[in-house]
Amino acid sequence: MFRLRRYRVFLICAFVITVLLYHVSKNSQWDRTQEIWHTSTRHRETKVETKPAEKAQAPVVAKPPVVKEDPAVVEVKPPAPKVQVEEKPTPEVVDDHDHDHGHGDTPVKIPSLKEESKEKGSYDLPTKPPPLKGTHEKEQPPKDKSTTTATIPDRLPGSGIGSHNHDNTPSEPDLETTSTTAIHWTKPSEWFPIPPESIIPLPTGKPKPIPTIQAKFEPETPQAREKRELRLAKVKAEAQRAWQGYKIYAWTHDELRPVSKAYHDPFCGWAATLVDSLDTLWIMGLKSEFEDALKAVAEIDFTTTPYRTDIPVFETIIRYLGGLIAAYDISGMKKEYKVLLDKAEELAEILMSVFDTPNRLPILYYQWHPAYNIAPKRAAQNAGVAELGSMSMEFTRLAQLTGENKYYDAVARITDAFEELQNWKGRGRSAIEGIFPEHLDASGCNRSAPWPPVDQQEREDGRVDLGVVGVDGLGVVGGTGVKVQRREEVARGDDGVGGRDQMTPGRPGKKKLPDGFECAPQGLVSSNAWGSYGMGGSQDSAYEYFPKQYLLLGGLVPKYKTMHEKTVAAVKKHLLFRPMAKGDPDILFSAKATSKDGTADSLDYEWEITHLTCFLGGMFGLGGKIFESPEDVEIGKKLAEGCFWAYDVMPTGIMPEYAKIMPCKSATDCKFNETAWHEQLDYRASYRAQEMERYYESKAAWKEQVEEIKKEQALQKERVEKAKEEAARRPVAKSNANSDTGAGSDQKTEPKQPVQQQQEEKPQAREGSFPSRFQRRQLNGTFNEPRGADLQNSLDLNSAPVTNTNTSDDDWATTYSDDDDSQIPLTELTLPPEPIKPMTHEEYIADRLKNEIIPPGFTSLSDKRYILRPEAIESVWYMYRITGDPKWQEKGWKMFESVIKHTQTEVGHSAIRDVTAKGDAGGMDDSMESFWLAETLKYFYLLFAEPEVVSLDEWVLNTEAHPFRRPT
């Protein structure tokens, strides 16, 4: 009854709770809008199922709002592309498409090489471009975009898309999530405009003489030509495979997923792969593919995107803006391709809004929605050096092509900021003179300083401005005549424009700034007190652009040479190292250093090998040639050799994304020391001998303990046998009935002990219950805890109890009697666990090398991926063009074969997860970033093309391998 009543209560409670939940779910108006919109739309795909994240900081796929007319919608499809191209397949029906350009089951054929055309207007590289004029005649502007709105739901921005930090992001507006009209960017009014007379103009004059970069190539033999052209054709065939896969399965989207045959839109969905590959198509002579892409470019609408609420400025500039400008450049700047320049200007006008900050340093993640675009903004307080410093080439070339100085002005001010920081000796300076900390405070705002008061030191050194850096003692920016107010002038309203309540310092004051926006100004400073310094991710391309910008400006701006020379001096002094590797190769890598006290006197090093750092060989080689430094060219060779070596020593022939290696103590004497390498692999090597000593001591104690337990077991067994013998000699008792009557009984019984004595010797169990296990053993007179158990407990050996636990109380009542000592149970022999032997140093090393597949010299492979990166082949190509040595072609071909072998898919090429695992074990990441066609395959192709194709004496390539024509 008790149990029935208890379960009845549970059933009643469960029923009541179920009814309540039902009513709550029926009556509540659950609005999941915020849940939907706070999920990023960055990684939209053709399939609804969740895909693995493409990058460490990649945001989660968001679902658009469910249209109310069908509340049961399960599958979410992205908006149909706006581009209309003949025979364009739809990704949803990839299994039923009918295309002439091939299916995934059809092997890609190696096309025959196109014969050189001499006809006017052909698709060959232009020998000489039309001369650039001081001004550019404007064509008719493109048609009004207001008539081409896409029918897609509004996307309410989430906070902090991806892992980016957006400074001064306004609060979210209330946007209708059921709208069917696309949100378009509209040009906001500027908060901090630059007067026309203060815009920094492009330098004028005849370009300075610059030394020849490319080597003088000897005529090749017929056999060498045939070999080179065969390799060239194979590279081209792989490019065609990737392009056709993109065209069939991801047309007008950003990227192809080459395994699942889907698409992916991390860069606003403006067809990143298409735009990024335009110049590659032209260089490879793929005319029809270029024309198809050109039609699609004309339909791209840069004023809207359903995939992101922010524009990643750095990626947009190097991929889209650079791709459009280079395609226009490389195609000869012909009238029929003017749409490329028009689209570049359209995009640049949107991007110009990122420079509308008090110090004119750009916002790196631009919230483009009109509702967000009305508030004043500052640049980030934790800006990556590469993102901040890799805009100059694209905007400079656009200014040269259009004659619009405003584009050059925007990036010239960034250069001025970097130049000032490179020379700055005060608070927030670089710990390593010549290079910059990995992250910078670009906000121009010193919140820790009082405002408006100014301390005496800053009055004396003249480093006062509104964060507009490059200010000399007269308050003039870069000698261009841009007047900048000093803080004391702002406070008292000098220059006849009123005080700080009427205007924003350093701008024509028409709109009052929000309270709390103003602050004490400062230039670029380190984001933290220590700072990391290196040539890898977040830093690389900023330094790469110093010598390239010098070339693009015809040598007319000498600061770029100075800044480059200071950079390479710092790298040579603080970062370059020779690794200790088997075979003692004479190679170099660049380390990463962290300052513990803000100076170069106390640096901690990471002896890293990163794929991103491999651009450095090309940078040293290029700078060494144009600035006549043979030493730098030799360093560039060793850096390029190092990255090829990192490919060659891996099981797949491909280097990992990130690894660490043991450095040599001396660059001149670096013999491989296996003992020293093993010590680096095992950071606990010095403790393993002590662990072994403790193990042997524990093992000896364990053996002693086991012996004691065995002895105790033997004694117990002996007592049991003795008890059995005594029981056997005892006469068997009669039944109780015969005993009571006394009739017919001649059995002799043992004299009974007095009851009192029995009670004293044997504790009584509670009446009405069976004796406990402890009481049973005492009642039988057999309680004798073995010493082994005490030893086990004292040593905490986690051994099982010595007593037999298999006998229940009921069994006891029916099996044993209080007076029968022969029925004593024999305890089980349970031994304590044997101590585990630790690995010796030698065993640990052998195990790690076997499981992690670490090549000699490496100390860790932290990131074993290969994501189709170009930096290593980039430096190999530069070395080939600079030296003319065909050994670089051989190195590049070996790299190409390894990469294709492990990345090729049916419809393209995929990133892989593990460069130490051969075959399918490495696993594919189902990702083909746009730089695969834009950079990696382009560099492979140019390595085997004739040296005149994109000659370094006529062209300069941006960080995405987009060629811009140098001035002549």
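Nothing here was measured: the structure is a model prediction, and the numbers come from that model.

J.: Looking at this structure, how should I read the overall build of the protein?
T.: On a plain count of helices and strands, the protein comes out with 28 helices and 21 strands. Residue burial in the protein is summarised as follows: out of 968 residues, 52% are buried. A sequence separation of at least 24 residues applies to 76% of the contacts in the protein between residues at least 6 apart. When the accessible area of the protein is evaluated, it comes to approximately 46800 Å², of which 51% is carbon and sulfur surface.

J.: Mind showing me how you'd approach the state of the cysteines here?
T.: In protein chemistry, a disulfide is the covalent bond that joins the sulfur atoms of two cysteines. On inspection of all chains with the given rule, the structure shows three disulfides. Linked covalently through their sulfurs, Cys445 and Cys519 form a disulfide whose S-S length is 2.0 Å. Separated by 74 residues along the polypeptide, Cys445 in strand S7 (residues 445–446) and Cys519 in the loop between helix H13 (487–492) and strand S10 (520–521) bring together distant segments of the chain. Comparing Cys445 with Cys519, the two get one shared label, buried. Here Cys664 is linked by a disulfide to Cys670, with a sulfur-sulfur distance of 1.3 Å. Taken as a pair, Cys664 and Cys670 share a single burial class, namely buried. If the cysteines joined by disulfides in the protein are listed in sequence order, their pairing comes out as 1-2, 3-4, 5-6.

J.: Any chance you could explain a nonpolar patch on the surface here in plain terms?
T.: A contiguous nonpolar patch, built from Ile12, Phe15, Val16, Val19 and Leu20 and spanning about 470 Å² of accessible area, is present on the exposed surface. On the secondary structure map, Val16 appears in helix H1 (residues 2–27).

J.: Whenever I open this one, the environment of Lys261 confuses me. Can you help?
T.: Along the chain, the position of Lys261 falls in the loop between strand S1 (255–257) and strand S2 (262–264). Sequence separation between Lys261 and Val907 is 646 residues, and the spatial gap between their C-alpha atoms is 7.5 Å. Within the structure, the side chain of Lys261 is placed 3.0 Å from the side chain of Glu906, a separation counted as a polar contact.

J.: Whenever I open this one, the sheet that holds strand S19 (residues 858–863) confuses me. Can you help?
T.: Strand-to-strand pairing in sheets goes through backbone hydrogen bonds, with the strands running parallel or antiparallel. Overall, antiparallel pairing links the three strands, which are arranged S17-S18-S19 in an open sheet. The sheet terminates laterally at strand S17 (608–610) and S19, the two strands that pair on one side only. Strand-to-strand twist of the sheet, defined as the mean angle between neighbouring strand axes without regard to direction, takes the value 20°. In the sheet, strand S18 (residues 658–661) pairs with S19 via three bridges, with the strands oriented antiparallel. Counterpart to Ile661 in the pairing with S19 is Phe858.

J.: Just checking my understanding: could you explain the packing of aromatic side chains for this structure?
T.: Any pair of aromatic rings gets described here by the distance separating the centres and the angle formed by the planes. According to the stated counting rule, one finds 29 aromatic pairs in the structure shown. Between Tyr550 and Phe627, the ring centres sit 5.0 Å apart and the planes meet at 70°, which makes this aromatic pair edge-to-face. Taken together, the positions of Tyr550 in helix H14 (residues 540–552) and Phe627 in the loop between helix H16 (616–626) and helix H17 (630–648) put the pair 77 residues apart, joining distant regions of the chain. Neither residue differs from the other here; Tyr550 and Phe627 are each classed as buried. Within the aromatic cluster, the residues linked to one another by ring pairs are Phe577, Phe589, Tyr605, Trp607, Trp645 and Phe858. Above the face of the Trp251 ring, Lys247 is positioned so that its terminal group lies 5.7 Å from the ring centre. Its end group placed over the ring of Tyr844, Arg688 keeps NZ or CZ at 4.2 Å from the ring centre.

J.: Any chance you could explain the confidence of the model for the protein here in plain terms?
T.: Any segment with low pLDDT has predicted coordinates that should not be analysed in fine detail. Confidence in the prediction of the protein, expressed as mean pLDDT, is 76, and 67% of residues score 70 or more. Scored below 50 in pLDDT, residues 462–509 makes 107 contacts in the model with residues more than four places away or belonging to other chains. Counting interchain partners and residues more than four positions distant, the pLDDT-below-50 stretch residues 735–819 has 80 contacts.

J.: Where do I start with the nonpolar core in this structure?
T.: What tends to happen in soluble globular proteins is that the nonpolar side chains get buried as a cluster. Leu274, Leu340, Phe395 and Trp932 are the most contacted members of the largest nonpolar core, which has 196 residues in total. Ignoring sequence-local partners within four residues, the contact set of Phe395 consists of Ile317, Leu321, Ala348, Leu351, Met352, Phe355, Tyr407, Tyr408 and Val411.

J.: Help me understand the sheet that holds strand S5 (residues 383–384) in this model?
T.: Taken in spatial order, the three strands line up as S5-S6-S11 in an open sheet, and their pairing is antiparallel. Looking at strand neighbours, the two that pair on one side only are S5 and strand S11 (525–526), the edges of this open sheet. By the bridge criterion, two bridges tie S5 to strand S6 (residues 439–441) in an arrangement that is antiparallel. Residue Gly384 lies in a different strand from S6, and its bridge partner there is His439.

J.: Explanation requested: H14 in the structure shown.
T.: Quick reminder: α-helices carry 3.6 residues per turn. Residues three or four places apart thus point the same way. For H14, spanning 13 residues, the distance from its first C-alpha to its last is 19 Å, which sits close to the expected 18 Å at 1.5 Å a residue. Extensive coverage of H14 is indicated by the burial of 13 of its 13 residues. Of the residues one or two after H14, Gly554 is the one with positive phi, at around 65°.

J.: Please clarify how the packing of H17 against helix H26 (residues 871–883) should be interpreted in this entry.
T.: The description of two packed helices rests on the angle between their axes and on the distance between the axes. Relative orientation of the contacting elements H17 and H26 amounts to 140°, with a least axis distance of 9 Å. In terms of axis orientation, H17 runs oblique to H26. The handedness of the crossing between H17 and H26 is left-handed. Counted together, Val633, Gly636, Lys637, Ala640, Cys643 and Tyr647 of H17 and Ala872, Ser875, Met879, Ile882 and Thr883 of H26 form the full contact between these two elements.

J.: What am I meant to see in the pattern of salt bridges here?
T.: Charged atoms that come close allow side chains of opposite charge to pair. For the structure on display, the rule yields 39 salt bridges. With a closest N to O distance of 2.5 Å, Lys247 and Asp292 form a salt bridge. Residue Lys247 is located in helix H3 (residues 222–249), and its partner Asp292 is located in helix H6 (residues 287–298); the two are separated by 45 residues in the primary sequence. Here Asp925 makes a salt bridge to Arg913, at a shortest N to O gap of 2.9 Å. Of the two residues, Asp925 sits in the loop between helix H27 (887–903) and helix H28 (931–944) while Arg913 sits in the loop between H27 and H28, which places them 12 residues apart along the sequence. Judged by its relative accessible area of 42%, Arg913 falls in the partly exposed class. Counted as one network, the salt bridges with shared partners bring together Glu220, Arg225, Arg228, Glu229 and Glu946.

J.: Sorry, what's going on with the packing of H26 against H27 here?
T.: The geometry of H26 relative to H27 is characterised by a closest axis approach of 9 Å and an angle of 160° between their N-to-C directions. The orientation of H26 with respect to H27, classified from their angle, is roughly antiparallel. Handedness of the crossing formed by H26 with H27: left-handed. Of the residues in H27, those in contact with Ala872, Ile873, Val876, Met879, Tyr880 and Thr883 of H26 are Trp888, Gln889, Gly892 and Met895.

J.: Teacher, can you tell me more about unusual backbone geometry here?
T.: Peptide bonds are trans in most cases, and residues, glycine excluded, mostly fall at negative phi. Phi at Met333 takes a positive value of approximately 55°, unusual for a residue other than glycine. When you line up the elements, Met333 lands in the loop between helix H7 (313–330) and helix H8 (338–351). The residue Ser538 is not glycine, and still its phi comes out positive at about 75°. Inspection of the secondary structure puts Ser538 in the loop between strand S12 (532–533) and H14.

J.: What am I meant to see in the environment of Phe314 here?
T.: Position of Phe314 among the secondary structure elements: in helix H7. On the basis of relative accessibility, which here comes to 12%, the residue Phe314 falls in the buried class. Counting along the chain gives 51 residues from Phe314 to Tyr365, while the straight-line C-alpha distance between them is 8.4 Å. Those residues within four positions of Phe314 in sequence are excluded, and the remaining contacts are Leu364, Ala386, Glu387, Ser390 and Ser541.

Definitions and limits used
- Residues numbered from 1 in each chain as written.
- Predicted model: local features only at pLDDT ≥ 70, side-chain atom pairs only at ≥ 80, totals over all residues.
- Heavy atoms only, no water.
- Helix = DSSP H or I, 4+ residues; strand = E, 2+ residues; numbered from the N terminus.
- Buried < 20%, exposed > 50% of the residue type's maximum accessible area, 1.4 Å probe, protein only.
- Contact = heavy atoms within 4.5 Å.
- Areas by Shrake-Rupley, 256 points an atom, 1.4 Å probe, with all protein chains shown as cover.
- Disulfide = S-S within 2.5 Å.
- Patch = residues over 30% accessible without salt bridge, like charges linked within 9 Å, V, L, I, M, F, W, Y side chains within 5 Å.
- Salt bridge = Lys/Arg side-chain N within 4 Å of Asp/Glu carboxyl O.
- Polar contact = N/O pair within 3.5 Å; in protein donor to acceptor, adjacent residues only side chain to side chain.
- Pairing = 2+ DSSP bridges.
- Axes fitted to C-alpha atoms, helices over the stretch in contact; angles between N-to-C directions.
- Phe/Tyr/Trp six-rings, centres within 6.5 Å; stacked < 30°, edge-to-face > 60°.
- Lys NZ or Arg CZ within 6 Å of the ring centre and 35° of its normal.
- pLDDT = per-residue confidence, 0-100.
- Core = buried A, V, L, I, M, F, W, Y, C linked by side-chain atoms within 4.5 Å.
- Expected span 1.5 Å × (residues − 1).
- Parallel < 35°, antiparallel > 145°, perpendicular 65-115°, else oblique.
- Left-handed = near helix turned anticlockwise from the far one by under 90°.

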